[in-house]
Amino acid sequence: MGPLVLSADFPDYQLLDSGRGRKLERFGDVILIRPEPKAWWRPATGDEQWGRAQAAFQDNGKWKFLRKKLDPSWKVAVCGNTLEVRLTDMSKHVGLFPEQEPHWSWLQERLQGRKEPRVLNLFGYTGAASLAAARVGAKVTHVDASKPAIAWGKHNQQLSGLQDATVRWLLDDAFKFVAREIRRGNRYEAILLDPPSFGRGPKGEVWKVEEHVVDFLDHLRKLLSDEAACLILTMYNLEASSIMLHNLVQDMLPAGEVSSGELALLPKYGQHRMPLSLFCRWQPA
Ligand SMILES: C[S@@+](CC[C@H](N)C(=O)[O-])C[C@H]1O[C@@H](n2cnc3c(N)ncnc32)[C@H](O)[C@@H]1O
């Protein structure tokens, strides 16, 4: 099957336009400008649209408020949950990678009707995927090496009214956690991983995607239960291609249905699809 292009579709987010290394986006009612190195083209719109932005992330690593003072945190709804979006200095990321919504919806579909499926979300960031799974009754293990990301995820769990859901928030190195989990004999019906191309665990462990991903998928294969529903791999590495991910997943996982492609946002104005992430999905045959 050729590469697929999947696009986020939920009311609280819209890519409005992109170009000249930036994207113009709406999160809830708030319009932001964020840097986007893949936006090589000219924007489809001019000041009339870009002038509506309330904040822009600048080269100095700070957010500039462009209109009236904006509350630096607010809420958006996605996949039945309520998540907090925040503007923090030194990060253009706002707590949500909206382009990943097709995976969260697909995960919910794959888990629907199962009794307490076990879900492992590695490099889980602020918990959008974990909470999408919890929303349909999954028992979730969320692993991330960042304390603030884990705290933000717990906050999102409260905001979503999922305090009674089973979500284990683990501050850990994903690779080490997976090795231990195999020894403990734990298994999962769904695994998600969104590895950064480079990262460090809580004790300074270095993660380089090109060095670790093959062994990592080998480990993850052992963690899939006999009743596995899916594995979802995303990658933001500019030098990679979805075909590379397809090859890896096909080699490393049991016989099944493998699809791969890109997550690309569709703009409100103009025709430029905004490619953001490569992905590969596996489900049993
Ligand atoms: C969501 S992923 C990658 C996000 C996006 N794909 C990108 O590259 O910008 C980022 C998350 O991985 C976490 N992370 C990085 N290295 C890790 C490691 N070795 N073990 C667990 N989590 C890690 C970070 O704390 C962060 O929350």
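Keep in mind the model is a prediction, meaning the values are calculated, not measured.

A. Representation of unusual backbone geometry within the structure. With a phi close to 50°, Arg20 is a non-glycine residue in the positive phi region. Within the secondary structure, Arg20 sits in the loop between strand E2 (13–19) and strand E3 (22–27). For Arg20, a relative accessible area of 61% puts it in the exposed group. The backbone of Cys79 sits at a positive phi, close to 55°, despite the residue not being glycine. On the secondary structure map, Cys79 appears in the loop between strand E7 (73–78) and strand E8 (81–86).

B. Fine view of the site of the ligand. The environment of the ligand is formed by 16 residues, the closest being Asp144, Asp173, Ala174, Asp194 and Tyr236. Relative to its free-state accessible area of 590 Å², the ligand is covered by the protein chains to the extent of 85%. Grouping the constituent residues of the shell around the ligand by class yields seven nonpolar, four polar and five charged.

C. Broad picture of the packing of helix H6 (residues 209–223) against helix H7 (residues 242–252). At a closest axis distance of 9 Å, the pairing of H6 and H7 adopts a crossing angle of 40°. As far as their axial angle goes, H7 and H6 are oblique. As H6 runs across H7, the sense of the crossing is right-handed. Contact residues: H6 offers Val213, Val214, Leu217, Asp218 and Arg221, while H7 offers Leu248, Val249 and Met252.

D. View of the sheet that holds strand E16 (residues 256–265). An order of E1-E16-E17-E15-E12-E9-E10-E11 is seen for the eight strands of this open sheet, with the pairing classed as mixed. Of all strands in the sheet, those with a lone pairing partner are strand E1 (4–6) and strand E11 (167–171), marking the two edges. Taking the axes of each pair of neighbouring strands and ignoring which way they run, one obtains an average angle of 20° across the sheet. Where strand E9 (residues 118–122) and strand E12 (residues 190–193) come together, four bridges link them in parallel fashion. Within the sheet, the bridge partner assigned to Leu122 lies in E12 and is Leu193.

E. View of the packing of helix H5 (residues 174–184) against H6. Contact pair H5 / H6: the axes reach a minimum separation of 10 Å and the direction vectors enclose 35°. Note that H5 runs across H6; the crossing there is left-handed. Judged by residue contacts, Ala174, Phe175, Val178, Ala179, Glu181 and Ile182 of H5 engage His212, Asp215, Phe216, His219, Leu220, Lys222 and Leu223 from H6. Classifying every residue of the contact of H5 with H6 by side-chain character gives eight nonpolar, two polar and three charged.

What counts, and where the lines are drawn
Residues numbered from 1 in each chain as written. Predicted model: local features only at pLDDT ≥ 70, side-chain atom pairs only at ≥ 80, totals over all residues. Heavy atoms only, no water. Helix = DSSP H or I, 4+ residues; strand = E, 2+ residues; numbered from the N terminus. Buried < 20%, exposed > 50% of the residue type's maximum accessible area, 1.4 Å probe, protein only. Near = heavy atom within 4 Å. Areas by Shrake-Rupley, 256 points an atom, 1.4 Å probe, with all protein chains shown as cover. Nonpolar A, V, L, I, M, F, W, Y, C, P; charged D, E, K, R; others polar. Axes fitted to C-alpha atoms, helices over the stretch in contact; angles between N-to-C directions. Parallel < 35°, antiparallel > 145°, perpendicular 65-115°, else oblique. Left-handed = near helix turned anticlockwise from the far one by under 90°. Contact = heavy atoms within 4.5 Å. Pairing = 2+ DSSP bridges.

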